[in-house]
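Given next are the chains, with one letter for each unit.
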Amino acid sequence: MAKNLLIVESPAKAKTIEGYLGKDFLVKSSYGHIRDLVKTDDAIDVNNNFTQKYEVPADKKPIVNELKKLAKEAETVWLASDEDREGEAISWHLYETLDLKEANTKRIVFHEITQPAILKAIENPRKIDYNLVHAQQARRVLDRLVGFELSPVLWKKVKPSLSAGRVQSVAVRLIVEREREINKFTATAAFKIVAIFSTGKEKELFRAELPERFDAATQAEDFLKACTNATFIIKSLETRPTKRNPAAPFTTSTLQQEASRKLGFSVSRTMSIAQKLYESGKITYMRTDSVNLSDTALNAAAAEIKSAYGEKYHQLRKYKTKSAGAQEAHEAIRPTYFNQHTTQGDHAEVRLYELIWKRAIASQMSEALFEKTTAKIEISTRKEEFVANGEVMKFDGFLKVYMESTDEDEQEVNMDEDGANAILPPLAKGQTLESKEIKATERFSRPPARYTEASLVKKLEELGIGRPSTYAPTISTIQNRGYVVKEDREGKSRNFEVLTLKEGSIQKETKTEITGAEKSKMFPTDIGAVVNDFLISHFKGIVDYNFTASVEKEFDEIAHGLKEWTQMIQTFYSPFHKEVENTIQTAEKARGERDLGIDPATGKKVSVRIGRFGPFVQIGEASEDAEEKPLYASLRSGQMIETISLEDALELFKLPKKVGIFEDKEMTVAIGKFGPYIRHNNQFFSLPKEIDPLDVTEEAAITIIEDKRKRDAEKLIKAFDENPDARIENGRWGPYIKFGKLNIKIPKGKEPAAITYEEVVALAELAEKEPKKGGRKFARKK
């Protein structure tokens, strides 16, 4: 038996560490937390003391029993969970649950899974840091209390099955308030003037822009008329050196933001991939708000830069963390070995690793040097001046490897064809220029940008809300609960005017552009908006930005031993609990109801509100005396209670509609919970997103039905006469067995088409007995 038992929180981490240690060490995984906080009837006892209770979940008991047995047999138990507060809490739970003794228990931490780092940690063990444990307990307990207390209030006052939380409620508030800003925004137009000038030599053309904009087309036209016979002379020419510095290496939030912009990864996907890279020893710990690099890392980066790019590309840089609430002195996210420019793994792992490597290596490289030239061009007939800018790179420095993206980069894409000059031709002060074209283009002001996952993380960090370990779960939670959706939305056509002065005459034309199109943006749902308004009305402190940020600071104070955690919980809970009880007794039910007007056809009131199955429009009012029952129609995807018009609401009542006959059965177009569909012969066929349900013809409906049948036929591998609910199909992850409500994985080595019905039944019985696990939903009821 091994003398040493080393326990980590994940199997992948255990496997990597196992390869670095000798036979004296047995490395085991706890599979995350082994104890859960249990809901109690009273969080505060009669003496105003905070009460808490933890218990081992049923699925963790076999793991705990095995670890207990191994711990008794080992001479030394090493607790090697992650170095953050959650990792410290996991070690404490292990210490308590396994009945470990301080004499033979050692706590070790490392921010990278490499042999030198692990051996160094073993040489320098410490005890469990109870300040970190208490900080994590405080967060977990406070968030559970908020959830336990607020959720029942929402069930009674808004809608069943809802839930609320401290950080996620603030995140929803940000998104709801941004959407309302956008809805209230009115675009204003102005004319942007851009000229193309020539020095008189062939191909020596460059672009110049007027800093001023004109509010009206008449003003822009007057300017162009004045330029018709004007002389254009270079009034001044200024050339100056500029430089750009590299960004600091990644923290958790900047990695999430940059992976979203550059790779299109969601926040949760970024963290999942980063976890794999960390556990396989390829990068340092991925939950950190530090931009610091160790001396070892600085030396390794310097050696690699000099070797790969040359001495002049290296510049030692030491970054300091700006965040006042930064957690323990972790290191920034970086590759464990700088000489490995890429890695092995799936495509996503390779892309994220290379992004981390580039950012870290660029942070230690020289600045990029440019020469910027600005020419001011006077107009003989006007007081305004054109300005032309050109930039030439003199030394690429860190740009040889990496350039940081911004949210503004995404907003500017395809917004304007009037970009800056990469380089200006040779120019001289007093030189006369020839105007080739001057164009006045109508441009519109833009509303605040909707949040992407990346920009929401950035905003939460700026407000001091949440910490590295909470960003991804928060963003996943608000989407899973249906308060927010992340989706693409089509824009609308908008006309704009263009006036062009060319060869002495002015041409006018009207062009069309698409405005308001969104890609992977965060939109509040109706239920998200209603819950947000209810919480602001009755629990303003919970969704207050300053309160949430101040709570984070209190957690930091607990982590540094400056505050007693149970006292912090008691101070919060007593007034909060009274507020909950008062709200249950006095608050009215929140429906988000809004009157839209009168239906011209019936003269009845049209209203919209939240119902048990989501938002809906109602024509008429429900009462016992009413001769006719009200009519109801669900809102479509993208429609909201706050913004839907009377006209759009009435359109919803044109469905369901019959569109024709196919195979002697009626085809009906309708809208359901999951969007528009065609119903035919008791089967349902979803409509493609680009097709308006009101525009579906008989021919189009038949095509949609036949296309779906064709796809289903190609999907089917084998059917069984004994049971129509038993099938073998091709799925996203390969062939699988569909047996009623079960999806069953096909054993390795089995040819799908050769499986018999008896084998299917046997596999189904086996699958039913298996313990239900997370992850891909095989061998689970749908």
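Residues numbered from 1 in each chain as written. Predicted model: local features only at pLDDT ≥ 70, side-chain atom pairs only at ≥ 80, totals over all residues. Heavy atoms only, no water.

### So, the environment of K715
Within the fold, K715 resides in helix α19 (residues 698-715). Note: C-alpha distance between K715 and P735 (20 residues apart in sequence) is 9.2 Å. The contacts of K715, once residues within four sequence positions are left out, are I728, E729, N730 and Y736. (Helix = DSSP H or I, 4+ residues; strand = E, 2+ residues; numbered from the N terminus. Contact = heavy atoms within 4.5 Å.)

### Overview of the pairing of strand β2 (residues 25-29)
Side-chain alternation along β2 places F25, V27 and S29 on a buried face and L26 and K28 on a face that remains uncovered. For the segment spanning strand β1 (residues 4-8), helix α1 (residues 11-18) and β2, crossover handedness is right-handed. (Buried < 20%, exposed > 50% of the residue type's maximum accessible area, 1.4 Å probe, protein only. Right-handed = clockwise from strand over helix to strand, strands pointing away.)

### Describing the packing of helix α9 (residues 267-279) against helix α14 (residues 471-480)
Between α9 and α14, the least distance of the axes is 8 Å, while the angle of their chain directions is 140°. With respect to α14, the element α9 is oriented oblique. Between α9 and α14 the crossing geometry is left-handed. The segment α9 lies against α14, with V267, S268 and M271 engaging Y471, A472, I475 and S476. Across the contact of α9 with α14, the residue classes break down as five nonpolar, two polar and no charged. (Axes fitted to C-alpha atoms, helices over the stretch in contact; angles between N-to-C directions. Parallel < 35°, antiparallel > 145°, perpendicular 65-115°, else oblique. Left-handed = near helix turned anticlockwise from the far one by under 90°. Nonpolar A, V, L, I, M, F, W, Y, C, P; charged D, E, K, R; others polar.)

### A few points about the confidence of the model for the chain
In the predicted model, the chain carries a mean pLDDT of 89, and the fraction of residues at 70 or more is 93%. When mean pLDDT is taken per element in the chain, helix α11 (residues 347-362) scores highest with 97 and strand β29 (residues 780-781) scores lowest with 40. Confidence drops under pLDDT 50 across residues 410-418; counting only partners more than four residues distant or on other chains, this segment forms 15 contacts. Of the regions scoring below 50 in pLDDT, residues 773-782 engages in 25 contacts with residues more than four places distant in sequence or in other chains. (pLDDT = per-residue confidence, 0-100.)

### A look at the pattern of salt bridges
Summed over the entire model, instances satisfying the criterion amount to 57 salt bridges. Note that E385 and K235 form a salt bridge whose closest N and O atoms lie 2.6 Å from each other. Within this pair, whereas E385 is found in strand β11 (residues 385-395), its partner K235 is found in strand β9 (residues 232-244), the two being separated by 150 residues in sequence. When salt bridges with common partners are traced through the structure, they connect E9, K13, D82, D84 and R287 into a single cluster. (Salt bridge = Lys/Arg side-chain N within 4 Å of Asp/Glu carboxyl O.)

### Focus on the sheet that holds strand β20 (residues 631-634)
On the basis of which strands lie adjacent, the open sheet formed by four strands has the order β17-β18-β19-β20 and antiparallel pairing. In this open sheet, the two edge strands, each paired with only one partner strand, are β17 (594-598) and β20. Each neighbouring strand pair of the sheet contributes to a mean axis angle of 25°, computed without reference to strand direction. As defined by bridge partners, strand β18 (residues 605-611) adjoins strand β19 (residues 614-619) across six bridges and the pair is classed as antiparallel. Bridge pairing in β19 links R609 to F616. (Pairing = 2+ DSSP bridges.)

### Quick look at helix α7 (residues 217-227)
Listed in full, the buried residues belonging to α7 are A220, E221, F223, L224 and C227. Projected onto a plane normal to the axis of α7, the buried residues spread over an arc of 160° and lie on a single side. (Arc of directions from axis to C-beta.)

### Examining the packing of aromatic side chains
Taken as a whole and judged by the stated rule, the model has 17 aromatic pairs. Look at F25 and W78: their rings are 6.0 Å apart centre to centre, the planes differ by 45°, and that puts the pair in the tilted class. Highlighted residues: F25 in strand β2 and W78 in strand β5 (residues 76-79), separated in sequence by 53 residues. The buried category is assigned to F25, whose relative accessible area is 18%. On the numbers, 4.8 Å between centres and 40° between planes, the contact of Y313 with F395 is tilted. Here the residue Y313 occupies a position in the loop between α10 (295-308) and α11, and F395 occupies one in strand β11, the gap between them amounting to 82 residues. Exposure remark for Y313: the relative accessible area of 7% places this residue in the buried category. On the basis of relative accessibility, which here comes to 17%, the residue F395 falls in the buried class. (Phe/Tyr/Trp six-rings, centres within 6.5 Å; stacked < 30°, edge-to-face > 60°.)

### Let's talk about the side chain of E304
Looking at the element boundaries, E304 is found in helix α10. Once residues within four sequence positions are removed from consideration, E304 is found in contact with Y309, F338, N339, H341 and I361.

### Overview of the nonpolar core
For soluble globular proteins, nonpolar side chains are generally found buried alongside one another. The biggest cluster of nonpolar side chains holds 148 residues, and the ones touching the most others in it are L6, F110 and L352. Looking at this core, the element that brings in the most residues is helix α5 (residues 130-157), giving eleven residues. In contact with F110, other than residues within four places in its own chain, are K13, I17, A80, E83, A117, I118, A121 and Y278. In this structure, F191, F223, I438 and L501 belong to the second largest nonpolar core, which totals 27 residues. (Core = buried A, V, L, I, M, F, W, Y, C linked by side-chain atoms within 4.5 Å.)

### Brief notes about unusual backbone geometry
What you tend to see is this: most non-glycine residues have negative phi, and most peptide bonds are trans. One non-glycine residue, Y31, lies in positive phi territory at about 55°. Here Y31 lies in the loop between β2 and β3 (36-37). Unusually for a residue other than glycine, E663 sits at a positive phi of about 55°. Considering the arrangement of structural elements, one finds E663 in the loop between β21 (657-662) and β22 (665-672). Since its relative accessible area comes to 45%, E663 is described here as partly exposed.

### Some words on the environment of K458
Turning to its location among the elements, K458 is positioned in helix α13 (residues 453-462). Once the C-alpha coordinates of K458 and I379 are considered, the two residues, 79 residues apart in sequence, prove to be 44 Å apart.

### Some details on helix α16 (residues 545-559)
In this model, α16 (15 residues) spans 22 Å end to end at C-alpha, consistent with the 21 Å of a helix rising 1.5 Å per residue. For α16, the set of buried residues is Y545, T548, A549, V551, E552, F555, D556, I558 and A559. Seen end-on, α16 carries its buried residues on one side only, within an arc spanning 165°. Every exposed residue of α16 that faces more than 90 degrees away from the buried side is listed here: N546 and K553. For α16, the elements touching its buried residues are α3 (85-97), α5, α6 (166-184) and α17 (565-586). Sitting at the head of α16, D544 places a side-chain oxygen 3.0 Å from the backbone nitrogen of N546. (Expected span 1.5 Å × (residues − 1). Polar contact = N/O pair within 3.5 Å; in protein donor to acceptor, adjacent residues only side chain to side chain.)

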